[in-house]
Amino acid sequence: MSKSNNVYKDAYNRGLRLLDETQSLPSEPELGTLLGVSRTTVRTILARMEETGLIAWNKRSKTVLRAPKADDFFPEEETDTLAQIIERSFMRRLLAGGAEAGMQINELELAREIGVGTTSVREFLIRFSRFGLIEKRRNSHWVLKGFTRAFALELTEIREMFEIRSAAAFAALPGDSPVWADLDRLEDEHRLLASEIAIRFNEFSELDERFHRLIHRASHNRFIVDFYDVIAMIFHYHYQWNKAQERERNEVAVSEHLAYIAALKSRDLGKVDAACRTHLKSARHTLLTSIPEIGGRPAS
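Residues numbered from 1 in each chain as written. Predicted model: local features only at pLDDT ≥ 70, side-chain atom pairs only at ≥ 80, totals over all residues. Heavy atoms only, no water.

1. Observations concerning the overall build of the protein
In terms of helices and strands, the protein carries 13 helices and five strands. If you take every contact in the protein between residues at least 6 apart in sequence, the share linking residues at least 24 apart comes to 68%. In the structure as shown, the protein presents an accessible area of about 14900 Å², 52% of it carried by carbon and sulfur atoms. (Helix = DSSP H or I, 4+ residues; strand = E, 2+ residues; numbered from the N terminus. Contact = heavy atoms within 4.5 Å. Areas by Shrake-Rupley, 256 points an atom, 1.4 Å probe, with all protein chains shown as cover.)

Structure, rendered in C-alpha cells:
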C-alpha cells in the first residue's frame, strides 16, 4: 500500500469523526487545514463520503445525512501517517544496527531507505532529538546517545500519568463511538495472537502500539497524543534490544492487555484503573531491566 494511500485513509477516518460533531462540513480549505491534507485529498474524501451516503455534496454545501458506522472506517493498520511510517522505519533500522550509543545516523541514507524526502526525515529526527536520545552533528549526521535509568524513570512517570487519564476517558465514551468497534477488533487480534504465541510472539510489538495509541486518542488531547509517539518509540523498541525471555514477556503482556480490554468494556473506573496500573507496572519493569543489556554493557 502506498504511503499516499495511508495518509488519505488516515485523513478519511478523521473526517468521519467530524460527522459526529456537526450537521454540515466546512469549506474545502478549512477541511484541508483541519485534516492536514491537500484540497485534492479533501475532494477525494468528500466524494467517498457522498458515494457511501454519509453526506449530500452540492458545491459549497456538504450536509451530513447519517452518522458513520464502524464499517465506514478504514482498518487502523491501513492508516499509518507519513510520520508513523518514518518512525517505524527509523526504529527498525536502529534494531538492525545494534542500537549502541555512538551509532551514526545519516539523513540522506535513512530517507532513501524509507523512500521519503529528506525534509520529512529531518523533521522527525529534530522532533525525536528533543528528548535527548539523539544529537545533531555536521553534514546531516546524527549520533545515538546513551539511554540512562534516570531518563527511563522520568519517561515511565509521564506515560503512567497520561495513560491513566486516557483510559478513564476511554471508558466514559458513549456506546455508539467507533472506538468500541476498534477495541473489538484489537481484542480479536489479541486472542488470535495468544493462541499462536509460540510462533508469533515477535508480532506483539506493533499490536501493542496500536492498542495503546487507541487508548491515548480517547483523551482528545493533542499534547498527550503527540507525546505518546515518542513514548511508543522508546518503550516498544527499546526493550526489544534485550531479547532474553521475549516470548514470556510478550505472553504476559497479551494476557494483561486482554484484562485491560475487559476492564474498559466494563466501564467500571475502578477496574480500568487497576488493569491499567498493573500493565504499566509490567511495562516499566521490562524497560528498566532492558537498559543494562544494550550493546552488552550498561547504558551511558
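2. What to know about the pairing of strand β5 (residues 141-144)
In the sheet, strand β3 (residues 104-106) pairs with β5 via three bridges, with the strands oriented antiparallel. When the sheet's bridge partners are listed, asparagine 106 is paired in β5 with histidine 141. Examined bridge by bridge, strand β4 (residues 134-136) and β5 share three bridges and lie antiparallel to one another. When the sheet's bridge partners are listed, isoleucine 134 is paired in β5 with leucine 144. (Pairing = 2+ DSSP bridges.)

3. Let's talk about the side chain of glutamate 187
The residue glutamate 187 is located in helix α8 (residues 179-195) in this model. Setting aside residues up to four positions removed in sequence, glutamate 187 forms contacts with Leu258, Ile261 and Lys265.

4. Quick word on the sheet that holds β3
Each strand in a sheet pairs with its neighbour through backbone hydrogen bonds, running either in the same direction (parallel) or in the opposite one (antiparallel). An order of β3-β5-β4 is seen for the three strands of this open sheet, with the pairing classed as antiparallel. Since the sheet does not close on itself, it has two edges, and those belong to β3 and β4, each with one partner. Put simply, the sheet's adjacent strands are angled 30° from each other on average, direction ignored. Contacts from helix α5 (residues 107-114) reach β3, β4 and β5 within the one sheet, and its direction differs from that of β3 by about 65°. (Axes fitted to C-alpha atoms, helices over the stretch in contact; angles between N-to-C directions.)

5. Some thoughts on helix α6 (residues 118-129)
Structural remark: α-helix, 3.6 residues per turn; residues separated by three or four positions point the same way. Over its 12 residues, α6 runs 16 Å from end to end, which matches the ideal 16 Å to within 8%, given 1.5 Å per residue. Buried within α6 we find Val121, Phe124, Leu125, Arg127 and Phe128. The buried residues of α6 occupy an angular sector of 160° when projected down its axis, which confines them to one face. (Expected span 1.5 Å × (residues − 1). Buried < 20%, exposed > 50% of the residue type's maximum accessible area, 1.4 Å probe, protein only. Arc of directions from axis to C-beta.)

6. A look at the nonpolar core
Core analysis: the biggest nonpolar cluster contains 31 residues, and Phe90, Leu125, Phe128 and Ile134 have the highest contact counts within it. Only α4 (82-96), α5, α6, β5, α7 (149-171), α11 (222-238) and α13 (269-290) provide two or more residues apiece to this core. Beyond its immediate sequence surroundings of up to four residues, phenylalanine 90 is in contact with Ile105, Leu110, Phe124, Leu125, Phe128 and Ile134. Counting 27 residues, the second-largest nonpolar core is a separate cluster that includes Ala167, Leu173, Leu186 and Phe204. (Core = buried A, V, L, I, M, F, W, Y, C linked by side-chain atoms within 4.5 Å.)

7. Looking at the pattern of salt bridges
This structure, assessed with the given rule, holds 17 salt bridges. Residue glutamate 107 pairs with arginine 122 through a salt bridge whose shortest N-O separation is 2.9 Å. Residue glutamate 107 is located in helix α5, and its partner arginine 122 is located in helix α6; the two are separated by 15 residues in the primary sequence. One salt bridge connects glutamate 189 with arginine 210, and the closest N-O pair in it is separated by 2.7 Å. (Salt bridge = Lys/Arg side-chain N within 4 Å of Asp/Glu carboxyl O.)

8. Quick notes on the layout of surface pockets
Of the voids in this model, the largest pocket is the one considered here, and its volume is about 1600 Å³. Along the walls of the largest pocket sit 46 residues, with Asp10, Arg14, Arg17, Arg217 and Val225 positioned nearest its centre. Sorting the residues of the lining of the largest pocket by element identifies α1 (3-19), α2 (28-35), α4, α6, α8, α10 (204-217) and α11 as the ones contributing at least two each. Per-class residue counts for the lining of the largest pocket are 19 nonpolar, eight polar and 19 charged. (1 Å grid on protein atoms, 1.4 Å probe; cavity = no way out; pocket = protein on both sides within 12 Å on 5 of 7 lines; lining within 4 Å. Points joined across faces, edges and corners; volume = space filled by probe spheres on them. Nonpolar A, V, L, I, M, F, W, Y, C, P; charged D, E, K, R; others polar.)

9. What about the packing of α8 against α10?
Running from N to C, α8 and α10 cross one another at 160°; their axes reach a closest spacing of 11 Å. Looking at the two axes, α8 sits roughly antiparallel to α10. For α8 against α10, the interelement crossing comes out left-handed. Between α8, through Val179, Asp182, Leu183, Leu186, Glu189, His190 and Leu193, and α10, the contact on the second element is made entirely by Phe204, Leu207, Arg210, Phe211, Leu214 and Arg217. Taken together, the residues of the contact of α8 with α10 break down into eight nonpolar, one polar and four charged. (Parallel < 35°, antiparallel > 145°, perpendicular 65-115°, else oblique. Left-handed = near helix turned anticlockwise from the far one by under 90°.)

10. With respect to the environment of isoleucine 45
Within the fold, isoleucine 45 resides in helix α3 (residues 39-51). Between the alpha carbons of isoleucine 45 and tyrosine 8 there is a distance of 7.7 Å; along the sequence they are 37 residues apart. Among residues more than four places away in sequence, those in contact with isoleucine 45 are Tyr8, Ala11, Tyr12 and Leu35.

11. Points about the packing of aromatic side chains
One pair of aromatic rings is described through two measures. These are the centre distance and the angle between the planes. Tallied over the full model, the rule gives five aromatic pairs. With a centroid separation of 5.5 Å and an interplanar angle of 65°, the aromatic rings of tyrosine 12 and phenylalanine 74 are classed as edge-to-face. Of this pair, tyrosine 12 sits in helix α1 while phenylalanine 74 is found in the loop between β2 (61-64) and α4, placing the two residues 62 residues apart along the sequence. Of the two residues examined, tyrosine 12 and phenylalanine 74, each falls in the buried class. On the basis of an interplanar angle of 85° and a centroid distance of 5.3 Å, the ring pair of phenylalanine 211 and tyrosine 260 is categorised as edge-to-face. Of this pair, phenylalanine 211 sits in helix α10 while tyrosine 260 sits in helix α12 (residues 246-266), placing them 49 residues apart in sequence. (Phe/Tyr/Trp six-rings, centres within 6.5 Å; stacked < 30°, edge-to-face > 60°.)

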